[in-house]
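# Fold and geometry: a report
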Amino acid sequence: MELFVIGLLIVLGTVLLVAEIALIPGFGFSGIAGIGAMIASAVYAFMQLGEIAGWVTIAIVILVAVALILWAIYGKSLDNVALKENITSTVADAGVSAIKVGDKGVSVTRLALIGEAKFGENIVEVTSNDGFIDEKQDVVVTRIASGVIYVGKIIS
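The structure reproduced in this document is the subject of the present report. (Residues numbered from 1 in each chain as written. Predicted model: local features only at pLDDT ≥ 70, side-chain atom pairs only at ≥ 80, totals over all residues. Heavy atoms only, no water.)

### Some thoughts on the nonpolar core
For soluble globular proteins, nonpolar side chains are generally found buried alongside one another. Core analysis: the largest hydrophobic core is formed by 11 residues, namely Ile 99, Leu 111, Ala 117, Phe 119, Val 124, Val 126, Ile 133, Val 139, Val 141, Ile 149 and Val 151. Leu 17, Met 38, Ala 45 and Val 61 belong to the second largest nonpolar core, which has seven residues in total. (Core = buried A, V, L, I, M, F, W, Y, C linked by side-chain atoms within 4.5 Å. Buried < 20%, exposed > 50% of the residue type's maximum accessible area, 1.4 Å probe, protein only.)

See the structure below:
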């Protein structure tokens, strides 16, 4: 009967870990329960059958765990959750492409180095060259680098 319980715990742990790897992405309840069942099988073997049976059970559990890890790494089990397409799209930047160095606008938010400014009908994210700029202040585009628009305060 003890061998049946130990075998049942190992099989239950294996089934739960396979479900965790193949069906349920992430590391959640079934993975923790599977590891717990395998640990419980070793503890039960030590308590009911003695030291030799406990160490044999630990060896079996380690072999099963290594086999599951190898199956997960080299098998096709992770293909269900793996990204198979390359992402080629980009964020729409219609407002940014219409803005040129020297364009004048108004800060929409407080530019605590980064904020938003309105140039014509386009509201875009900008970075301040002049430190903090309050909202509703006139600004001018001083440079554009790598899609980042740098502005300065217009002093009147």
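### Let's talk about the sheet that holds strand β2 (residues 111-119)
Within a sheet, adjacent strands bond to each other through the backbone by hydrogen bonds, running parallel or antiparallel. Pairing is mixed around the closed barrel formed by five strands, whose spatial order is β1-β2-β3-β5-β4. Across the sheet, the mean angle from the axis of one strand to that of its neighbour is 50°, orientation sign disregarded. Here six bridges tie strand β4 (residues 138-145) to strand β5 (residues 148-153), and the two strands are oriented antiparallel to one another. Residue pairing across strands places Val 139 opposite Lys 153, the latter belonging to β5. (Pairing = 2+ DSSP bridges. Helix = DSSP H or I, 4+ residues; strand = E, 2+ residues; numbered from the N terminus. Axes fitted to C-alpha atoms, helices over the stretch in contact; angles between N-to-C directions.)

### Looking at the packing of helix α2 (residues 29-49) against helix α3 (residues 51-74)
Between α2 and α3, the shortest axis-to-axis distance is 7 Å and the interhelical angle comes to 165°. Judged on the interaxial angle alone, α3 and α2 are roughly antiparallel. Pair α2 / α3 crosses with right-handed handedness. Here Met 38, Ser 41, Ala 42, Ala 45, Phe 46 and Leu 49 of α2 lie close against α3, whose contacting residues are Glu 51, Ala 53, Gly 54, Trp 55, Thr 57, Ile 58, Val 61 and Val 64. Tallied by class, the residues present in the contact of α2 with α3 amount to 10 nonpolar, three polar and one charged. (Parallel < 35°, antiparallel > 145°, perpendicular 65-115°, else oblique. Left-handed = near helix turned anticlockwise from the far one by under 90°. Contact = heavy atoms within 4.5 Å. Nonpolar A, V, L, I, M, F, W, Y, C, P; charged D, E, K, R; others polar.)

### Focus on the pairing of strand β1 (residues 104-107)
Two elements, β1 and β4, share three bridges in a ladder whose sense is antiparallel. Along β4, the bridge assignment pairs Val 106 with Asp 138. Summarising the sheet, β1 and β2 pair through two bridges and their orientation is antiparallel. In the strand pairing of β2, Ser 107 is matched with Ala 117.

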